[in-house]
Each structure stands twice: as C-alpha cells, then as structure tokens.
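# Per-entry structural report
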Amino acid sequence: MKSIALIAFLAVLAGCSTAPRYDTTYDAKGQSSRARFLVLHYTVANTPASIKILTEQQVSAHYLLTDDATPKIYRLVDENRAAWHAGNSSWKNFTQLNNSSIGIEIVNAGWKDTPQGRVYAPFPQAQVDALIPLLKDIVQRHGIAPENVLGHSDIAPLRKQDPGPQFPWQRLAQEGLIVWPDAARVAAVRPAFDALLPDVAWFQRKLAGHGFGLVQSGVYDEATRTTLAAFQMKYRPLDISGNPDAETASLLEVLTTPAGTPPPPMPVIPPQPWPATPAATPVTPAIPVTPSAPLPPAAPTLPTPPMPTTAPVPAPPAEPLPGALENIPPTAPVPATPPVTTP
C-alpha cells in the first residue's frame, strides 16, 4: 500500500515539473534575429592562450578561428546568447553591441612596434578561406546587412585596432559580405577634393554618417585622427596616418551618398588678376607727300681721273694684356710694302 502511494506521489511531482507544451502552428511575420551586427576581432595570442582567455575569463566570443594549417572553428557561446566581446561600443544609432551582435575571434599576433614603425601580422590564406563560409552562414541565417559586418576598430575606434590593416576586407567585399566604395565613383569625385579639401567639420559629419560614434567638435583632435585611421585601416590600409586627405574624402563621399548622386561641384577659384598692360606708344601719322615739280635734266658728268692706289696702313699695335701675356716678346717688325702706282 505504501509503495502504491509513493508511486502516485512521484507521478504527481513528475506532472508538476513537466515543461509547458507549446503549439508552433503559427509563426509571426513581424520578427527578426536579435543579431544585427557581426564583429571581427584578432586575439593577439596563440591558440592555446586564446582558448584559455575566451573560456576562463570574462571576455568571450561566439566563435574562435585558429591559425592551424587546417584551421579549426570553435563555437564557444550559443548564438542565442550574448558573448562579451564588444565592450563599450557603438555603430550608427546602436550602443553596447554585445546584446545585438555575434563576435568572431581570429587567432592572430596583432601588432608590434619596431624601429621602422608598427608592424601588423598577416592572416594566412587558409585561415581566410575558412572564415568566408562561416561569415556567409551567419549573415544568411540572421539577415545581417553588409554595412553591419564590422571590425572591433569600427565600433570602438578609440580603444581598439583589430582586426587591423592586414585583414583582407576587400576579399570580404568581393564575396558580397561588406559594403565597398565603387572605384569609378571614387575616381569621379576625386578631382573636386584634390582642388579643395573639405574642413574638419565635413570629415566629422561624414564619419558619423558612415556609422562611427564621433563627437562633432569641428576640431582636428586626437579622437578625429584615431577615427580617421580606423576608417583608413578598412578602406585604405596603405596609409593609416589618420590625416584628412583627398583620397579619404573621396572614399567617405562615395560611402555616404547613394549611387547615382552627382559628384560634388568643382570649387570656384577666384581668377588671378593679370599684370597691368603698359600704355601703347602713340603712333605719329605719316606726313602725306606732295608731288613736286619735275626736276631739270642733270648736267653731263665729266670723267674723273684715276686715283693712285696705296697699300693699306697697318693698325697700331695693341696695348699689352695684363697677366702672363705681358712676358711674351714682341714680334719682329714687318717691312712696309712700297706703294704701287697704277699708271
């Protein structure tokens, strides 16, 4: 009897602990993935150290891609949960992107400072080839737009440089994974910026329009320089000085204006004054010639007796020249040629 009562009691407990049943007949149209952004990082550590850091410390990522000859992809956090990889971050109107992004850490040494400047480590081709299918799978399943596939340096430019200028962003563009400026449009707008570079306020507005969280100070400060360098690392990695120049302005213009937008007008440069033209010299009008009366016939010319011809008279000796020529002995005199008389 006690056994029957115990079984009944356990059955009641089991019924109370059974999870609710859900009917999934309907699927709402108004929904989207919680993952709006995809953020790429480098680890600045080897694979064993990266695994230890990303699994035992407070920092984490959804995926870790190794740099082995045949790279491995570790999934460390379920995509439905937030990984702690973005930190204090922003892009466009969104902040604190941990809750709205998927993070991928890539094993890479990062950078080191040398006497020749900062040197960034490259990404092996096998690693890039393994990354592309992973990115395509994630953006397809979550509907992540190309303009939201970002680097850590995009969402936190004042703190982070990863994945750095060696990362092959253009390869991702060729795969349709990120937005890339059209080269023909860049060439079309470049002459206007070569002729007249915009002021710092223009660059700050364009960087903010692209997505960076940048204070619009109107001053070329360290925050502006660092944000420009982050933009250049992605789209112009050969020069990441952070200087505002015509090439950077052209890239920003194309990335922040819709296709078909006419290029900016060429600046109107005031004409330079020409030097004053000297006054023309007045021309004296010609005096008209009045015909004169005919001259009388000339008198007959008498023959002139021939004049005696003499030898040419030698020129006087030149004055002695200064210097060494003073010591040259004089030339012996040449006897004069007697005059020849013509009969």
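Rules used throughout
- Residues numbered from 1 in each chain as written.
- Predicted model: local features only at pLDDT ≥ 70, side-chain atom pairs only at ≥ 80, totals over all residues.
- Heavy atoms only, no water.
- Helix = DSSP H or I, 4+ residues; strand = E, 2+ residues; numbered from the N terminus.
- Expected span 1.5 Å × (residues − 1).
- Buried < 20%, exposed > 50% of the residue type's maximum accessible area, 1.4 Å probe, protein only.
- Contact = heavy atoms within 4.5 Å.
- Pairing = 2+ DSSP bridges.
- Polar contact = N/O pair within 3.5 Å; in protein donor to acceptor, adjacent residues only side chain to side chain.

## Section: helix α3 (residues 125-142)
Here α3 contains 18 residues, and its C-alpha end-to-end distance of 26 Å stays within 8% of the 26 Å for a straight helix at 1.5 Å per residue. Looking at α3, one finds that the buried residues are Gln127, Val128, Ala130, Leu131, Ile132, Leu134, Leu135, Ile138, Val139 and His142. Summarising the contacts, the buried residues of α3 are in contact with β1 (37-42), β2 (63-65), β3 (73-75), β6 (101-106), β9 (149-151) and α5 (169-174). Gly143 sits one or two residues past α3 and shows a positive phi near 65 degrees.

## What to know about the environment of Pro262
Note that Pro262 resides in the segment after α9 (246-255). Remark: the alpha-carbon pair of Pro262 and Val189, spanning 73 residues in sequence, is separated by 8.6 Å.

## Let's talk about the pairing of β1
Counting buried positions along β1 gives six out of six residues, so the element sits mostly inside the fold. The alternating pattern of β1 places Phe37, Val39 and His41 and Leu38, Leu40 and Tyr42 on opposite faces, both of which are buried. Relative to β6, β1 is paired through six bridges, and the arrangement is parallel. By the bridge assignment, Phe37 is partnered in β6 with Ser101. Inspection of the sheet shows β1 paired to β9 by three bridges, in the parallel sense. Along β9, the bridge assignment pairs Val39 with Leu150.

## Here we look at α9
An α-helix turns once every 3.6 residues. As a result, residues three or four positions apart point the same way. In terms of burial, α9 is a largely internal element, nine of the ten residues being buried. Listed in full, the buried residues belonging to α9 are Ala246, Thr248, Ala249, Ser250, Leu251, Leu252, Glu253, Val254 and Leu255. Looking at the buried residues of α9, the elements they touch are α6 (183-195), α7 (200-210) and α8 (222-235). If you check the start of α9, you find a side-chain oxygen 3.4 Å away from the backbone N of Glu247, and it comes from Asp245.

Honestly, it's all geometry; don't read function into it.
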